[in-house]
Amino acid sequence: MHSIGPLRHELSSRAAPDRGWRITSIIASAISVVLLLVVFGAKLQRLQVSSVLLVILVVTLCTVVVVHARFLLHLHQQHRQTASALLTSEHEFQQMADNIQEIFWMLDAKTKKTLYVNQAYETITGRSCQSLQENPSSYEEVIHPEDRSHVLAKLEEATRTGRFDERFRVVWPTGEIRWVSVLGFPVRDSDGSICRLVGTAQDITAQKQAEEQVAKNLALAESAWAESEALRKATLALTQDLRMDFVLDALLQSLTELISCECARIWLVEGDTRLFVAREKLRETPKKRPNYPLTLDAADIPFLQRILGSQKSVLLSDTKREADWHTFKGHTHLRSWLCVPLVASQRTLGLLSVGHAQPDSFTREDLRRAQLLAIPAAAAIQNSRLYECASIYGSELEKRINDLHEAKTALEQSEESRKISEDKFQKVFRSSPVPFSITTANEGRFLDVNAAFECRYGYSRAELIGHTVHELKMWEDPAARSLMLAQLQKGGPVRNVITRLRTKSGDIKLTAYSADRIHFDGLECILAVSEDVPQYERERGN
């Protein structure tokens with residue numbers, strides 16, 4: 001290719017002398033023709049031809065012969081040089097074609113048969129150039145069957161448009177598949193019609209693999225982002241409302257969005273092994289629907305018992321391989337099943353399960369997504385239960401507080417009534433003409449007396465308060481007081497018991513004695529009324 005430029009320069013530099021020889025030859029030929037015509041005309045008229053003219057004619061003819069001989073020799077030398085340059089250029093082109101990494105090809109536009117390919121054809125297609133020479137259309141077999149019709153159609157179109165730019169697969173004899181990028185350009189004849197297509201084919205298998213890996217990585221990144229976003233939304237939904245109904249509804253919705261299934265269920269544990277379906281979503285309602293809610297005892301189903309005991313997830317690609325699957329009530333129609341335990345604070349709160357009627361419907365990725373969802377789900381269920389307990393305790397506490405407020409109000413009202421009653425009692429106690437006394441029940445120690453009592457027994461209030469009836473020897477017969485106490489302890493009052501009491505001066509007064517048990521200043525006391533018997537007799541007579 002480097003010799004093409006100098007070759008053209010050399011040919012153009014030799015064009016000027018060639019034109020000089022041609023002009024000289026033409027002029028000499030024209031002069032010869034004119035002289036010949038003059039001589040011929042003179043002979044016809046039988047005129048004497050000058051010897052000078054004949055000499056000039058001979059010289060001119062010799063010049064023409066020499067010029068033409070020189071011109072022919074020059075043309076022969078130029079032809080030899082041109083042929084040598086063409087051979088050199090063809091050799092350099094062949095060397096270039098044999099050493100480049102791309103296929104250089106040439107096709108006949110009408111027959112679509114190969115006119116030329118370089119050695120790179122063998123490297124890229126795994127087939128020999130000899131096979132293409134023997135069958136110029138055998139390149140069609142190299143094209144992958146799935147791409148062949150499209151590529152050949154585009155090649156047919158290129159014979160009209162002159163443009164071919166396609167990426168497609170080629171198949172080696174060993175079955176290996178590689179990718180090529182093919183570019184084609186037109187070669188036109190003198191009429192402007194496309195007579196050939198030439199172009200290159202480059203092996204882009206590594207580039208295509210890199211593109212596919214990038215696309216795969218992008219798909220994985222997008223999938224991971226979508227999964228992360230779905231889990232974020234699920235976690236947010238599970239924490240928006242602590243009520244159990246809301247938590248279970250949000251959990252079921254998130255589970256069906258993350259994993260495509262025909263049956264999704266949320267199981268909650270009661271006791272140690274009892275399970276019940278708290279929420280479920282079925283694509284098709286079974287003809288024989290179990291009683292709702294579906295309940296079962298994991299102790300009767302060994303693989304469920306293992307899940308609860310080990311707290312490990314399970315993926316059954318085909319439930320027919322599970323020996324105890326027929327004991328799983330409400331799930332016998334499923335062929336694929338996935339289950340993840342809901343664990344919080346090392347306690348199994350329940351299970352997440354999804355099922356499908358076709359085997360091998362779930363992957364490890366589905367299991368991983370369910371496990372990621374189970375983490376916030378278990379926390380949300382535990383928080384919901386704590387919230388419900390707190391709500392119950394809060395309601396009970398609020399009720400108790402209300403009861404305390406009511407009791408406090410009633411106590412305040414009672415205290416107020418008590419104060420009013422005490423005030424009335426004090427007024428009656430102080431102003432009554434009947435002797436009143438208040439003594440402790442056990443010791444008989446005086447706590448209070450009224451003025452009538454002071455007047456009847458001759459003691460002042462100060463002499464009585466703090467002293468017992470035994471110290472003052474007010475009861476003539478202490479046993480009578482003991483009988484009175486025994487009657488009061490039985491719950492009944494003492495009314496108008498005739499007894500004998502001693503005054504300060506030592507006089508004995510016959511007394512009609514009445515008593516009741518009361519509480520006074522936090523002590524169990526006796527409120528006693530003592531009247532003169534004559535007065536009592538008069539009142540009795542009335």
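Above this text is the structure in question.
Values in this document were obtained by computation on a predicted structure and should not be read as measured data.

1. Some points on the pattern of salt bridges
Then, in step 1: Counting across every chain of the model gives 23 salt bridges.
Then, in step 2: A salt bridge links Arg-279 to Asp-245; the shortest N-O distance between them is 3.3 Å. Taken together, the residues Arg-279 in strand 7 (residues 274–282) and Asp-245 in helix 8 (residues 244–258) connect sequence positions 34 residues apart.
Then, in step 3: In this structure Asp-245 comes out as exposed when scored by relative accessible area, which is 51%.
Then, in step 4: In this structure, the salt-bridge partner of Asp-516 is Arg-495, at a minimum N-O distance of 2.9 Å. One end of the pair, Asp-516, is in strand 15 (residues 508–520); the other, Arg-495, is in strand 14 (residues 494–502), and 21 residues separate them in sequence.

2. Considering helix 10 (residues 364–431)
Then, in step 1: The end-to-end C-alpha separation of helix 10 is 97 Å, in line with the 100 Å expected for 68 residues at 1.5 Å each.
Then, in step 2: The largest bend along helix 10 reaches roughly 30 degrees and is located at Ala-374, with the proline Pro-376 sitting one to four residues downstream.
Then, in step 3: Listed as buried for helix 10 are Asp-366, Leu-367, Arg-369, Ala-370, Leu-373, Ala-374, Ala-377, Ala-378, Ala-380, Ile-381, Ser-384 and Phe-429.

3. Quick word on the sheet that holds strand 2 (residues 114–117)
Then, in step 1: With antiparallel pairing, the five strands of this open sheet are ordered in space as 2-1-5-4-3. Of all the strands in the sheet, just strand 2 and strand 3 (164–171) have a single pairing partner and so form its edges. Adjacent strand axes in the sheet meet at a mean angle of 25 degrees when their direction is disregarded.
Then, in step 2: The pairing of strand 3 with strand 4 (residues 177–188) spans eight bridges and is antiparallel. In the strand pairing of strand 4, Phe-168 is matched with Val-180.
Then, in step 3: Its contacts with the sheet put helix 6 (residues 145–161) on strand 1 (103–108), strand 3 and strand 5 (194–203), and the angle it makes with strand 3 is roughly 150 degrees.
Then, in step 4: Taken strand by strand, helix 7 (residues 205–240) contacts strand 3, strand 4 and strand 5, and its axis lies near 120 degrees from that of strand 4.

4. Focus on the sheet that holds strand 6 (residues 263–270)
Then, in step 1: Across the sheet, six strands lie side by side as 8-7-6-11-10-9; this open sheet has antiparallel pairing. Of all the strands in the sheet, the pair left with one neighbour each is strand 8 (295–297) and strand 9 (314–316). Mean inter-strand twist for the sheet, computed between neighbouring axes without regard to direction, equals 20 degrees.
Then, in step 2: One ladder, built from eight bridges, connects strand 6 with strand 7; its direction is antiparallel. Among the inter-strand pairings, Leu-268 is bridged to a residue of strand 7, identified as Phe-276.
Then, in step 3: Strand contacts of helix 9 (residues 302–310): strand 6, strand 7, strand 8, strand 9, strand 10 (336–344) and strand 11 (347–356), with the helix running at about 35 degrees to strand 10, the strand carrying the most contacts.
Then, in step 4: In the packing of helix 10 onto the sheet, contacts are made with strand 6, strand 9, strand 10 and strand 11, and the angle to strand 10 comes to roughly 35 degrees.

Rules of the game
- Position numbers for residues count from 1 along each chain, tracking the sequence in the order it is written.
- Local features in a predicted model are, by the rule used here, given only for residues with pLDDT of at least 70; side-chain atom pairs are given and counted only at 80 or more, and totals for whole chains, interfaces and linings are based on all residues.
- Neither water nor hydrogens contribute to the side-chain values; these are computed over all heavy atoms in the structure.
- The salt bridge definition used is simple: a Lys or Arg side-chain nitrogen within 4 Å of an Asp or Glu carboxyl oxygen.
- For the purposes of this entry, the term helix denotes a DSSP run of H or I that reaches at least four residues, the term strand denotes a run of E that reaches at least two, and both are numbered from the N terminus.
- A simple rule labels every residue: compare its accessible area, found with a 1.4 Å probe on the protein chains alone, to the largest value its type can have, and call it buried under 20%, exposed over 50%, or partly exposed in between.
- To estimate the expected span of a helix, subtract one from its residue number and multiply by 1.5 Å.
- The quantity called bend is, for any residue, the angle between two axes fitted respectively to the seven residues ending at it and the seven beginning at it.
- Two strands qualify as a pair provided DSSP detects at least 2 bridges between them.
- To define axes, lines are fitted to C-alpha atoms, for helices over the stretch in contact only, and angles between the resulting N-to-C directions are given on a 0 to 180 degree scale.
- Two residues qualify as a contact provided that any one of their heavy atoms is within 4.5 Å of a heavy atom in the partner residue.

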